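Descriptive analysis of the structure
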Amino acid sequence: MNFKDYIRVIPDFPQPGIRFKDITTLLKDAEAYRKAVETIADKVRHLNVDLIAGPEARGFVVGAPLALMLGVGFVPIRKSGKLPGETVETSYDLEYGSDKLAIHKDAIKPGQRVLVADDLLATGGTIATTVKLVRMLGGEVAGAAFLIELGYLNGREKLEGLDVYSLMTY
Ligand code: 5GP
């Protein structure tokens, strides 16, 4: 299956000059969505993780089904102020300004092996922040998985030393 056939590229979203990779066209196709997640699951199964952690919102639509397929739990990473329990937070830089991501303090036990997952790796800022939160709780980040990697933005450099898997590269 050529997964790229299911990705719609939308020019000038959210800003002029950006070619946004729209994954909703893959998600609505039952077979493509299942096969995409299955293929990632097969690539990362050997990492033997205890948990998957994914940032909102599109990290959930990749991370949660991946967790079910691997038979492990899922930990949501959310924008500050959204999680109901006690959290740890860290800020990260955006193109203009900064934002904060949060994780429940008791979501990960020290030493647990965690795979971080998101829909897309661009500059790597979002996933690097996710990795940082997992490590703040003592989790061991075993690898990272994505549907899409924008290779020309070199986000991988922020994940040095980790096993990084992406289903599609642009
Ligand atoms: P980064 O932090 O690596 O620069 O950007 C990745 C984050 O931004 C991911 O959470 C992803 O959901 C979102 N993102 C950035 N560009 C795109 C895109 O073209 N398509 C999709 N689906 N998400 C994007």
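The rules we used
- Residues numbered from 1 in each chain as written.
- Predicted model: local features only at pLDDT ≥ 70, side-chain atom pairs only at ≥ 80, totals over all residues.
- Heavy atoms only, no water.
- UniProt positions renumbered as here; feature names shortened; annotations may be inferred.
- Axes fitted to C-alpha atoms, helices over the stretch in contact; angles between N-to-C directions.
- Helix = DSSP H or I, 4+ residues; strand = E, 2+ residues; numbered from the N terminus.
- Left-handed = near helix turned anticlockwise from the far one by under 90°.
- Contact = heavy atoms within 4.5 Å.
- Nonpolar A, V, L, I, M, F, W, Y, C, P; charged D, E, K, R; others polar.
- Core = buried A, V, L, I, M, F, W, Y, C linked by side-chain atoms within 4.5 Å.
- Buried < 20%, exposed > 50% of the residue type's maximum accessible area, 1.4 Å probe, protein only.
- Polar contact = N/O pair within 3.5 Å; in protein donor to acceptor, adjacent residues only side chain to side chain.
- Near = heavy atom within 4 Å.
- Areas by Shrake-Rupley, 256 points an atom, 1.4 Å probe, with all protein chains shown as cover.

Under an unreviewed UniProt entry, the name given to the protein is Adenine phosphoribosyltransferase, and the organism recorded is Thermobacillus composti. Taken directly from UniProt, the Pathway (unreviewed entry) text for the protein runs: "Purine metabolism; AMP biosynthesis via salvage pathway; AMP from adenine: step 1/1."

Our focus in this paragraph is the packing of helix H2 (residues 30-44) against helix H3 (residues 58-70). The packing of two helices is summarised by the inter-axis angle and the distance between the axes. As a packed pair, H2 and H3 sit with axes 9 Å apart at the nearest point and diverge in direction by 60 degrees. The chirality of how H2 crosses H3 is right-handed. In this structure, H2 uses Tyr33, Arg34, Val37, Glu38, Ile40, Ala41 and Val44 to contact H3, whose residues at the interface are Val61, Pro65, Leu66, Met69 and Leu70. A class-by-class count of the residues in the contact of H2 with H3 yields 10 nonpolar, no polar and 2 charged.

Here the focus is the nonpolar core. In terms of nonpolar packing, the biggest core is built from 28 residues, with Ile52, Leu66 and Leu147 touching the most fellow members. Within the residue set of this core, elements represented by two or more residues are H2, H3, strand S7 (113-121), strand S8 (140-149) and strand S9 (163-169). When neighbours within four sequence positions are excluded, leucine 147 is seen to be in contact with Ile23, Ala36, Ile40, Val62, Asp118, Asp119, Ser166, Leu167 and Met168. In this structure, Ala53, Ile77, Val114 and Phe146 belong to the second largest nonpolar core, which totals 23 residues.

With respect to the helices and strands, the residue serine 166 is situated in strand S9. Of note is the side chain of serine 166, whose polar atom sits 2.5 Å from the side chain of glutamate 149. When neighbours within four sequence positions are excluded, serine 166 is seen to be in contact with Phe146, Leu147, Ile148, Glu149 and Arg156.

For the rest of this paragraph, the subject is unusual backbone geometry. For the bond from phenylalanine 13 to proline 14, the omega torsion is -5 degrees, close enough to zero to count as cis. Considering the arrangement of structural elements, one finds proline 14 in the loop between strand S1 (8-11) and strand S2 (19-22). Residue glutamate 56 is joined to alanine 57 through a cis peptide bond whose omega torsion reads -10 degrees. One non-glycine residue with positive phi stands out, namely aspartate 12, at about 60 degrees. By the secondary structure assignment, aspartate 12 is in the loop between S1 and S2. In this structure, asparagine 48 takes a positive phi of about 50 degrees despite not being glycine.

The immediate surroundings of the ligand are formed by Phe20, Lys21, Arg58, Asp118, Asp119, Leu120, Ala122, Thr123, Gly124, Gly125 and Thr126. Here alanine 122 contributes a backbone N or O atom positioned 2.9 Å from an oxygen atom of the ligand. Between an oxygen atom of the ligand and a main-chain N or O atom of glycine 124, the distance comes to 2.7 Å. Look at the ligand: alone it shows 510 Å² of surface, and the protein chains cover 82% of it. Of all the elements in the fold, those that place two or more residues in the shell around the ligand are S2, S7 and helix H4 (125-136). In terms of residue count, S7 provides more of the shell around the ligand than any other element does, 3 residues in total.

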